Amino acid sequence: MSEGQVKLASIQAAEKKLLLQTYERNPVLFVEGNGVYLRDEQGVDYLDLLSGIGVSALGYAHPAVEAAIVAQSKRLLHTSNLFYHEHTAELAVRLTEISGLDRVFFCNSGTEAWEAALKLARAHAGLLRSEGKSIGTDFLAVEQSFHGRTIGAVATTHKEKYREPFAPVMPGVDFVRFDDVADLRAKFSNEVCGICIEAIQGEGGVRPVSQEFIAAARELCDSSGALLLVDEIQSGMGRTGEWFAYQNYGIQPDITTLAKPIANGLPMGAMLCTDEAARAFTPGMHGTTFGGGPLACAVAIAVIDSMKQNNALAHVREVGGYFRQQLEALAQRHDCVTEVRGMGLMLGLELDSADLAKRAASEMMAQHIIINRTSETVLRFLPPFILERRHVDAAVAALDGILTSLTSTSAAFAGPAPAGEHSNG
């Protein structure tokens, strides 16, 4: 064993003994990164098309991010939210400008942002009731949704494997069939205080909702005073080629949530809302110890400013469009590909077999290209926004070879069809 392999084995043994076993990790020890590449302890570079599950939007060792971290770390890391620091309002101005919303609550993660959104929707409904309006406390969420791991967020997450071990979860949540406007209308009533939507489902398989579905949700909320909650934790901050995925639809939510790429790897989340929704929160009703600290805010400001200076949204649209074209061309060459979905640099390639998708992702890793599998059959691509066409070409060429190899191997293993039967080709 090399020195690096010994170190990895030692860390694996220690984690197995000391950590809760909540993740099945790949047996790779990364020690540094640069641009769109991660480097392991043996000096091998990996093309990262997952960016820490959509987090490292500007890639690794980005000069603007490094400069912000160094400068702020020399000045002030934490004050608590009992006092002011210079970056909260500065960041809030940027977020409200790019989102079209009015107010911001800073926190530490996506699930914390979503928890705040659920609490605000319930509190807002209570405020409306105090003003004489008839409105309940229920939520409508969407099948195949994923909103987080806390007990409230997991209640609005559809898949049983996320909810069942922790039952009973927060009551008052009903699920609507994905993109089914008739089902949405049938299940909506004055008992609903909020409709919960991902403009593009991430864990659910990179599935964009239709214009009709999100427009109907907006209309229903407007009719009753319920709030439209749009989860942009994975799709926001430029991932789709717009600052927020909902901007692709021309629909404005009452509440949206951000996290993953907002501080390019530092833990940070944000809930944004309208002035109307914000009426429901008063001092003491909600809070956070670390949310909106000086370091995370300084880095988030650097991320947004760098994206603006480098016209990142246009680049995401251009390279994302090229990436999708190449995936669609790949689909034409392989019968095992059933669909290509997504916007910008949030893309999914659906295969006709969960086993094939699992093996394809594993083979890509073996070729030092990082992707992952979501919703069992979907290969997910969430690369850094600085991705270039040459990176796309390298990844698609590798995947092309892998699918050719895996499907030909499967066909050979299956052997010829027995007499009187037909293979599926």
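See the structure printed just above.
Residues numbered from 1 in each chain as written. Predicted model: local features only at pLDDT ≥ 70, side-chain atom pairs only at ≥ 80, totals over all residues. Heavy atoms only, no water.

### Brief notes about the sheet that holds strand 12 (residues 269-273)
Phase 1 of the analysis: Strand order in the open sheet formed by 7 strands is 4-12-11-10-7-5-6, and the pairing between neighbours is mixed. Two strands bound the open sheet, and with one partner strand each, they are strand 4 (103-107) and strand 6 (173-176). Here the average twist between neighbouring strands, direction ignored, is 20°.
Phase 2 of the analysis: By the bridge criterion, 5 bridges tie strand 4 to strand 12 in an arrangement that is antiparallel. Bridging across to strand 12, Cys-107 finds its partner in Gly-269.
Phase 3 of the analysis: Seen against the sheet, helix 5 (residues 110-130) touches strand 4, strand 5 (138-142), strand 7 (192-198), strand 10 (227-231), strand 11 (255-258) and strand 12 and runs at an angle of roughly 175° to strand 10.
Phase 4 of the analysis: Here helix 9 (residues 211-224) sits on the sheet and contacts strand 5, strand 6, strand 7 and strand 10; the angle it forms with strand 7, its principal contact strand, is near 160°. (Pairing = 2+ DSSP bridges. Helix = DSSP H or I, 4+ residues; strand = E, 2+ residues; numbered from the N terminus. Axes fitted to C-alpha atoms, helices over the stretch in contact; angles between N-to-C directions. Contact = heavy atoms within 4.5 Å.)

### Describing empty space enclosed by the protein
Leftover empty space is mapped by rolling, across the atoms, a probe with the size of a water molecule.
Phase 1 of the analysis: Using the criterion set out here, one finds 2 cavities of 30 Å³ or more in the structure.
Phase 2 of the analysis: Volume-wise, the largest cavity comes out at about 40 Å³.
Phase 3 of the analysis: As for the largest cavity, its lining consists of His-78, Thr-79, Ser-80, Asn-81, His-85, Thr-289, Phe-290, Gly-291, Gly-292, Gly-293 and Pro-294.
Phase 4 of the analysis: Residue composition of the lining of the largest cavity, grouped by class: 2 nonpolar, 9 polar and no charged.
Phase 5 of the analysis: Taken as a whole, the second largest cavity spans an internal volume of roughly 30 Å³.
Phase 6 of the analysis: In terms of lining residues, the second largest cavity is bounded by Val-142, Ser-145, His-147, Phe-178, Cys-196, Ile-197, Glu-198, Gln-201 and Val-209.
Phase 7 of the analysis: Counting residues per element, the lining of the second largest cavity draws most heavily on strand 7, at 3 residues.
Phase 8 of the analysis: Here the residues of the lining of the second largest cavity sort into 5 nonpolar, 3 polar and 1 charged. (1 Å grid on protein atoms, 1.4 Å probe; cavity = no way out; pocket = protein on both sides within 12 Å on 5 of 7 lines; lining within 4 Å. Points joined across faces, edges and corners; volume = space filled by probe spheres on them. Nonpolar A, V, L, I, M, F, W, Y, C, P; charged D, E, K, R; others polar.)

### Here we look at the nonpolar core
Phase 1 of the analysis: Core analysis: the biggest nonpolar cluster contains 134 residues, and Leu-95 and Ile-195 have the highest contact counts within it.
Phase 2 of the analysis: Counting residues per element, this core draws most heavily on helix 5, at 10 residues.
Phase 3 of the analysis: Non-local contacts of Leu-95, meaning those with residues more than four positions away in its chain, are made with Val-104, Phe-106, Met-237, Leu-258, Ile-262, Ala-270, Leu-272 and Ile-304. (Core = buried A, V, L, I, M, F, W, Y, C linked by side-chain atoms within 4.5 Å. Buried < 20%, exposed > 50% of the residue type's maximum accessible area, 1.4 Å probe, protein only.)

### Quick word on helix 4 (residues 88-99)
In an α-helix, one turn spans 3.6 residues, which is why side chains three or four residues apart end up on the same side.
Phase 1 of the analysis: Under the 1.5 Å per step criterion, the end-to-end length of helix 4 is 16 Å for 12 residues, consistent within 8% with the ideal 16 Å.
Phase 2 of the analysis: Turning to helix 4, its buried residues are Leu-91, Ala-92, Arg-94, Leu-95, Thr-96, Ile-98 and Ser-99.
Phase 3 of the analysis: In this structure, the buried residues of helix 4 make contact with strand 4, strand 11, strand 12 and helix 11 (294-309).
Phase 4 of the analysis: Just downstream of helix 4, Gly-100 is the residue with a positive phi angle, here 80°. (Expected span 1.5 Å × (residues − 1).)

### Considerations on the pairing of strand 14 (residues 346-351)
Phase 1 of the analysis: Taking burial as the measure, the 6 residues of strand 14 include 6 buried ones, the bulk of the element.
Phase 2 of the analysis: Burial of the side chains of strand 14 extends over both faces: Met-346, Gly-348 and Glu-350 are buried on one face and Leu-347, Leu-349 and Leu-351 on the other.
Phase 3 of the analysis: Where strand 13 (residues 337-343) meets strand 14, 6 bridges bridge the pair, whose relative direction is antiparallel. Of the residues in strand 14, the one forming a bridge with Met-343 is Met-346.
Phase 4 of the analysis: In this structure, the hairpin formed by strand 13 and strand 14 is closed by a connection of 2 residues, where Gly-344 is found at a positive phi of approximately 55°.
Phase 5 of the analysis: Strand direction decides the pairing type here: strand 14 and strand 17 (residues 378-381), joined by 4 bridges, are antiparallel. Bridged to Gly-348 within strand 17 is Arg-380.

### So, the sheet that holds strand 2 (residues 37-40)
Phase 1 of the analysis: What the 4 strands build is an open sheet, ordered 1-2-3-15; its pairing is mixed. Edge positions in the open sheet fall to strand 1 (30-34) and strand 15 (369-370), since each of these has one partner strand only.
Phase 2 of the analysis: Relative to strand 15, strand 3 (residues 45-48) runs parallel, the two sharing 2 bridges. Counterpart to Asp-48 in the pairing with strand 15 is Ile-370.

### What about the layout of surface pockets?
Phase 1 of the analysis: In this model, the second largest pocket occupies a volume close to 780 Å³.
Phase 2 of the analysis: Along its surface, the second largest pocket is lined by 26 residues, and Asn-81, Val-104, Phe-105, Phe-106 and His-286 are the ones closest to its centre.
Phase 3 of the analysis: Those elements giving two or more residues to the lining of the second largest pocket turn out to be helix 4, strand 4 and strand 12.
Phase 4 of the analysis: Of the residues in the lining of the second largest pocket, the class split is 13 nonpolar, 11 polar and 2 charged.

### Brief notes about helix 3 (residues 63-73)
Phase 1 of the analysis: Among the residues of helix 3, Val-65, Ala-68 and Gln-72 are the ones counted as buried. Looking down the long axis of helix 3, one finds its buried residues gathered within 65° of arc, a one-sided arrangement.
Phase 2 of the analysis: Packed against the buried residues of helix 3 are helix 11. (Arc of directions from axis to C-beta.)

### Describing the side chain of Ser-375
Phase 1 of the analysis: Within the secondary structure layout, Ser-375 lies in the loop between strand 16 (372-374) and strand 17.
Phase 2 of the analysis: If sequence neighbours within four positions are ignored, Ser-375 has contacts with Lys-159, Glu-203, Gly-204, Gly-205 and Arg-207.

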